[in-house]
Amino acid sequence: MMTEPMIAGLWTDTVSFFGVHAVAVVLLKIAVVLFALLGLVSYTVLAERRISAFIQDRLGPNRVGWFGLLQPVADSFKFLLKENVMPAHVNRIYYVLAPCIALAPALLTFIVIPFGNTLAGEPMVIANLNVGVLWMFSIASLGVYGIVLGGWASNSKYPFLGGIRSSAQMISYEISMGLSLIPVFMHVGSLNLTEIVNAQSHRWLFLHPNLFLAFLIFMISSFAETNRLPFDLPESEQELVGGYHTEYGSMKFALFFLAEYANMITASALMVTLFFGGWQVPFALPESLSHPVTWLAPFVFQPVGFVYILSFFLKMLLFLGVFIWIRWTLPRFRYDQLMNLGWKVFLPMALANVFVMGIWMALSV
Amino acid sequence: MNYTSLFGYLLGEVVLTAAAFVILIADVMCHRKDDVGARNQRMAWWTLTGLFLAAVVYAIQFAQGNANFADGTLVINPLNLFFKEVILVITAITVFFSMEEPVSKHVGEYYAMILFAAIGMAFLVTSENLLMIFVSIELLSLSLYALVGFQKQILRSAEGAMKYFAFGAVSAAFLLFGLSYIYGATNSLSLPAIAETFKGDPLMARSPVLLIGILFTLVGFGFKIAVVPFHLWAPDAYEGAAAPVAGFVASGSKVASFVALTKFLLLGVAPAAGAATISFPFTPHFTPGWAPVIALMAFISMVWGNLAAITQTNLKRLLAYSSVAHAGYILVALFGAKAWGQTAIYFYIIVYALTNLGAFGVVTALANKVGGDDIRCFAGVWRRAPGLTVLMMIFMLSLAGIPPLAGFFGKFYLFAAGLAADQMQLGYLWLVITAILMSAVSFYYYLQVLRVFYVNPASRGGPISICPCQRWPMTVIALIIFLIGWYPTALLDWIQGFLQRV
Amino acid sequence: MLWFVLLFGLMTLVTGICAISVRNIVHCALFAVVFFFGIACLFFTLRAEFLAAVQIIVYIGAIAILILFAIMLTHDVTGEAAGGMIHVGGITGGVVAVAVAGSIMVALFRESLIRNSQSLVERTAAAPQVSVKTIGEALMTPYVVPFEVVSILLTAALVGAIVLALEQRPAKKEGS
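Please read all numbers here as calculations on a predicted model, not as lab measurements.

Undergrad: Just checking my understanding: could you explain the overall build of chain A for this structure?
TA: When you go through chain A residue by residue, the secondary structure sums to 13 helices and 2 strands. Pairs at least 24 apart in sequence give 78% of the contacts found in chain A among residues at least 6 apart.

Here it is as structure tokens:
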């Protein structure tokens, strides 16, 4: 048969391309990041519920575990154990495929984000691509397929409207989002996220006036890209029942739900990486942290590596908090307002920003 | 890398681009409320101003000497500048023709698209680089697709635009694919550099990868110059487009594409020509290369274009098929010795473009007033618009190639160049004989048109008044054709002089 | 490398054929998405990361999603009314496609024959390590003219598309 040598060939190719050690390390990193990410997602959901309750002056889920901390576990069991209903009128293949397509890109984008400096000599990024940011954008642009397909496959009008809205909205904001980052690349001179973080060792990028504008455009656009309030028109429960996931239940709904939060996390991580120094800390660390801890031999860990990861993690949590805070404070935009804002405000602003940045750089040389 | 001097070389195109944007903006901001006819005239004058300024710039560049920028992406020499001026003239005449009556209510966009197309043509004649040729062909084609579809109230216009676009898209794919193969085989994009590779590598001239690349490239060019079998869009696009646009497609786009094709074949891949000769006594000789393909395309185009033109009942479709046949004639000269062939082609393409433009001008001026562009609508027009029918006679006779007019000398040079291919054996005699026979066939339908204009009984209606914006350009074209006919060496010497200074 | 190229090439080929042969145009569009993705994967395999990313962003993230958007708004997507592939146009198209593919293959094969079985790949110099920076520099220095012409081209395409797509409204009455 053809398949066996093919698979063997692929494996040999992979190993010869990267080396055995690299493959093993990458697999380990993927496993750790994936579990951390999924854990973080479920706790972001809990945080959302608790913070929204706080903003609305109620209590929120506080019964399962200490302060409701086991609520995500209960929720996941609930989703897993629910009956798997598939409505009769749906297009079965796409109906099942859509939630998977929604979640996969959300997780995939994370692989280029450097979440720490180094640990045991190993850079804390899964794939250090030279075109890191482009990779982010290209994979993130796949996420919309989940929503569009889900809306279409449901064969029902509200999900369909949600899907259509989402595709138009995401394309519109992707443009200003991409353009807003060009000043960053001009400043740093690289698309590689690790290099962008390294360039911020003295001064975080948002302190630069042009890049601060870029950051604002990027942040607001990422709200639209993640379908979060005030731009959650694809779901907008008051108009479209539940939007694209109206016809979904049990674990398939949960996948959509997870995708939204995973997207939020990725967007936060990207903002931290691009504008807020990534894993850098704003103050000098004590020298002793850089000494390797030998009792963990043969892996020589430096405690400072953990500090950097923690720093990245905390900054990311801060942005997640902002996401949640804004959702429960701002009302939803109307659809034409959303489009006007994207095409007539942010797009020209981002373009002008590129231009001004160019002049700034020409003058400061 | 000096951007300032580059800007200087590009100044003409910059002026044209600026004019296009000024028109787009002025139409929206200042003239929104005006009546369409008034807007049309004002925008036309803006366009003419832009064209005039660009022409001045090119005229100044004549004096500045040659320049070759970055791998032939921008080559400034007298020949290219001359063709840029020709294109500006053709564009200006098209604008004059569109002045009387707006083609659509999107007036600013119409003239902007014409300018964009003119920019595409200007870049096409000025580049000797595969990438640049592709990009400018695309700019030209995209503008023309849109221009053909501008008459949105007419269904045929949409049909023509759709067919033009569908053919154009496929042929653009072939063109790009072919160019990528040529790049892969020769590892260079500029035409002179490609020609260099033949010297270093004797096998290059019959490298199959290169030849297949050239073949695919010829598909793309074949679409642009409308030769059989890539001509199918032409009748529908000409018929659907407004008459000035059809004239523009038939003249400006042809000039630019033929100049680019000639440069590509004679400057770039000339050693890969191969042969498809039949020597006396009947001994066919065949070597793979672009020559057999061109010979075949020329042969079918001449035969099919002329035969199909006979059966046409619509004047624009007739002109479309006649342009297919003329493309075939021009290809014959590609076999000529390099200097000869080039001169003949450049001479003929200018004469042909002007004549065709004039013929479409007559259609523009008359079609709406006689109730359509079918040939029978023009019956007896002689009595209603005598001046115009005289002009039409000059254009038709020149297209047919009757001696005292420019068309005759054009054809003569073309066929003479074809004969000069390999002088002793007269290998391409078969092609030249076909060309002469087929031009004889073409007399039939050109004279048929004139018969309708002059002899057929007139329909009702009084004298037709022609806008001066159409009358004068047509008169000037007719005069030029007449003068070149009397004194062909003037233009010929000019072109040869430019070729020597390349 | 070879096996990856084969795998992705096969994937591109199969989905490409599916994209033009299935009847339901939503399926067509989605096959086209996988097709574009296959091409991006091929670019990745050849270590042209920039091209791969741009391929995904432009073709899958923008063009295909717009196609899908347009298709979903059309009435009859199942294509049951349309005929199958077996008609004169389809057969001629198939013959031409086979002829084109065949001539390319023959050309590539003969190329190595006349070069004493040295293939085109062996003769061509290895592709230089291309980064985004070198691409940007190439676009802004030697190829700045084509680059600028492309910007005019896009403007022209935009203007033309808007004019052609604009709804033909009846002229407004005077004074209203």
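Next comes the rest of the write-up.
Undergrad: Honestly, the interface of chain B and chain C in this entry has me stumped. Any pointers?
TA: Many descriptions give the size of an interface as the accessible area lost when the pieces come together. With 35 residues of chain B in contact, the opposing surface of chain C contributes 25 residues. Broken down by secondary-structure element, the contributors of at least two residues to the side of chain B that touches chain C are helix 5 (107–126), helix 6 (130–148) and helix 9 (208–225) of chain B. Its residues assigned to classes, the side of chain B that touches chain C shows 21 nonpolar, 9 polar and 5 charged.

Undergrad: When you look at helix 9 (residues 209–225) of chain A in this model, what are you seeing that I'm missing?
TA: Count 3.6 residues to each turn of an α-helix, and residues three or four apart come out pointing the same way. Residues and elements named next belong to chain A. The end-to-end C-alpha distance of helix 9, which contains 17 residues, comes to 24 Å, matching closely the 24 Å that a straight helix rising 1.5 Å per residue would cover. Counting buried positions along helix 9 gives 13 out of 17 residues, so the element sits mostly inside the fold. A positive phi of about 60° marks asparagine 227, the residue just after helix 9.

Undergrad: Looking at this structure, I do not really get helix 7 (residues 144–165) of chain C. What am I missing?
TA: Under the 1.5 Å per step criterion, the end-to-end length of helix 7 of chain C is 31 Å for 22 residues, consistent within 8% with the ideal 32 Å. Along helix 7 of chain C, the residues classified as buried are Val145, Pro146, Val149, Ile152, Leu153, Ala156, Val159, Gly160 and Val163 of chain C. The arc enclosing the buried residues of helix 7 of chain C, seen along the axis, measures out at 140°, which places them on a common side. Structural note: helix 7 of chain C exposes Ser151, Leu154, Leu158, Ile162 and Ala165 of chain C on the side pointing more than 90 degrees away from its buried face. At its buried positions, helix 7 of chain C is contacted by helix 2 (11–29), strand 1 (67–69), strand 2 (74–76), helix 5 and helix 6 of chain B.

Undergrad: What am I meant to see in the confidence of the model for chain A here?
TA: Caution applies to low-pLDDT parts of the model: their predicted coordinates are not meant to be read in detail. Predicted confidence across chain A gives a mean pLDDT of 80, with 88% of residues reaching 70 or more. Averaged pLDDT values for the elements of chain A fall to 64 in helix 1 (residues 3–18) of chain A and rise to 88 in helix 13 (residues 335–364) of chain A.

Undergrad: How should the confidence of the model for chain B be read in this particular structure?
TA: All names here are of chain B. Mean pLDDT over chain B stands at 88; residues scoring 70 or higher make up 98%. Of all secondary-structure elements in chain B, the lowest mean pLDDT belongs to strand 3 (residues 275–279), at 76, while helix 6 reaches the highest, 93. Here the complex is predicted with pTM 0.88, and the ipTM for its interfaces comes to 0.88.

Undergrad: Is there a simple way to explain the packing of helix 7 (residues 157–188) of chain A against helix 13 of chain A in this structure?
TA: The geometry of a pair of packed helices is captured by two quantities: the angle between their axes and the separation between those axes. Residue and element names in this part refer to chain A. Put simply, helix 7 and helix 13 touch, their axes get as near as 8 Å, and they point 15° apart. Classified by the interaxial angle, the pair formed by helix 7 and helix 13 is roughly parallel. Crossing of helix 7 against helix 13: the hand is left-handed. Its residues assigned to classes, the contact of helix 7 with helix 13 shows 17 nonpolar, 7 polar and 1 charged.

Undergrad: It is not clear to me how the environment of leucine 129 of chain A should be interpreted in this structure. Could you clarify?
TA: Among the secondary structure elements, leucine 129 of chain A is positioned in the loop between strand 2 (122–123) and helix 5 (132–140). Here leucine 129 of chain A falls in the buried class, since 22 other C-beta atoms lie within 10 Å of it. Sequence separation between leucine 129 of chain A and isoleucine 113 of chain A is 16 residues; the distance between their C-alpha atoms is 9.7 Å. Leave out the neighbours within four places in its chain, and leucine 129 of chain A touches Val112 and Trp135 of chain A together with Glu49 of chain C.

Undergrad: Whenever I open this one, the interface of chain A and chain C confuses me. Can you help?
TA: The interface of chain A with chain C comprises 22 residues on the first partner and 20 residues on the second. Those elements that provide at least two residues to the side of chain A that touches chain C are helix 1, helix 5, helix 6 (143–153) and helix 7 of chain A. Among the elements that line the side of chain A that touches chain C, the one with the most residues is helix 7 of chain A, at 5 residues.

Undergrad: What should I look at first to understand the environment of glutamine 337 of chain A in this one?
TA: Residues and elements named next belong to chain A. Residue placement: glutamine 337 occurs in helix 13. Given 12 C-beta atoms within a 10 Å radius, glutamine 337 is considered exposed. C-alpha separation for the pair glutamine 337 and phenylalanine 231, spaced 106 residues apart in sequence, amounts to 10.0 Å.

Undergrad: How do you make sense of the arrangement of the chains when you look at a structure like this?
TA: Here 2 pairs of chains are in contact, and chains B and C lead that list by number of contacts. Without any contact between them, chain A and chain B keep their closest C-alpha atoms 15 Å apart.

Undergrad: Before we go on, may I ask you to explain the packing of helix 16 (residues 386–400) of chain B against helix 18 (residues 429–454) of chain B in this structure?
TA: Residues and elements named next belong to chain B. Taken N-terminus to C-terminus, the directions of helix 16 and helix 18 make an angle of 175°; their axes are 9 Å apart at the nearest point. Put simply, helix 16 runs roughly antiparallel to helix 18. Side by side, helix 16 and helix 18 meet where Thr389, Met392, Met393, Met396, Leu399 and Ala400 of the first sit next to Ser442, Phe443, Tyr446, Val449, Leu450, Phe453 and Tyr454 of the second. For the contact of helix 16 with helix 18, the residue count by class is 11 nonpolar, 2 polar and no charged.

Undergrad: I would appreciate a short explanation of unusual backbone geometry in the present structure.
TA: A negative phi angle is the norm for most residues apart from glycine, just as the trans form is the norm for most peptide bonds. Note the cis peptide between valine 228 of chain B and proline 229 of chain B, where omega equals 5°. By the secondary structure assignment, proline 229 of chain B is in the loop between helix 9 and helix 10 (233–240). Phi at aspartate 57 of chain A is positive, roughly 60°, even though this residue is not glycine. Residue placement: aspartate 57 of chain A occurs in the loop between helix 2 (20–55) and helix 3 (71–81). Judged by C-beta crowding, with 6 C-beta atoms within 10 Å, aspartate 57 of chain A ranks as exposed. Backbone geometry places alanine 226 of chain B, a non-glycine residue, at a positive phi of 55°.

Undergrad: How should the nonpolar core be read in this particular structure?
TA: One broad trend across soluble globular proteins is that nonpolar side chains are buried collectively. Residues and elements named next belong to chain B. Ile87 and Val332 are the most contacted members of the largest nonpolar core, which totals 210 residues. Take this core: its biggest share by element is 19 residues, from helix 14 (residues 338–370). In this structure isoleucine 87 touches Ala118, Met121, Ala122, Val125, Gly252, Val255 and Ala256, once residues within four positions along its chain are discounted.

Reading the values: the criteria
Residues numbered from 1 in each chain as written. Chains lettered and ligands numbered in written order. Predicted model: local features only at pLDDT ≥ 70, side-chain atom pairs only at ≥ 80, totals over all residues. Helix = DSSP H or I, 4+ residues; strand = E, 2+ residues; numbered from the N terminus. Contact = placed C-beta atoms within 7 Å. Nonpolar A, V, L, I, M, F, W, Y, C, P; charged D, E, K, R; others polar. Expected span 1.5 Å × (residues − 1). Buried ≥ 20, exposed ≤ 12 C-beta atoms within 10 Å, placed from the backbone. Arc of directions from axis to C-beta. pLDDT = per-residue confidence, 0-100. Axes fitted to C-alpha atoms, helices over the stretch in contact; angles between N-to-C directions. Parallel < 35°, antiparallel > 145°, perpendicular 65-115°, else oblique. Left-handed = near helix turned anticlockwise from the far one by under 90°. Core = buried A, V, L, I, M, F, W, Y, C linked by C-beta atoms within 7 Å.

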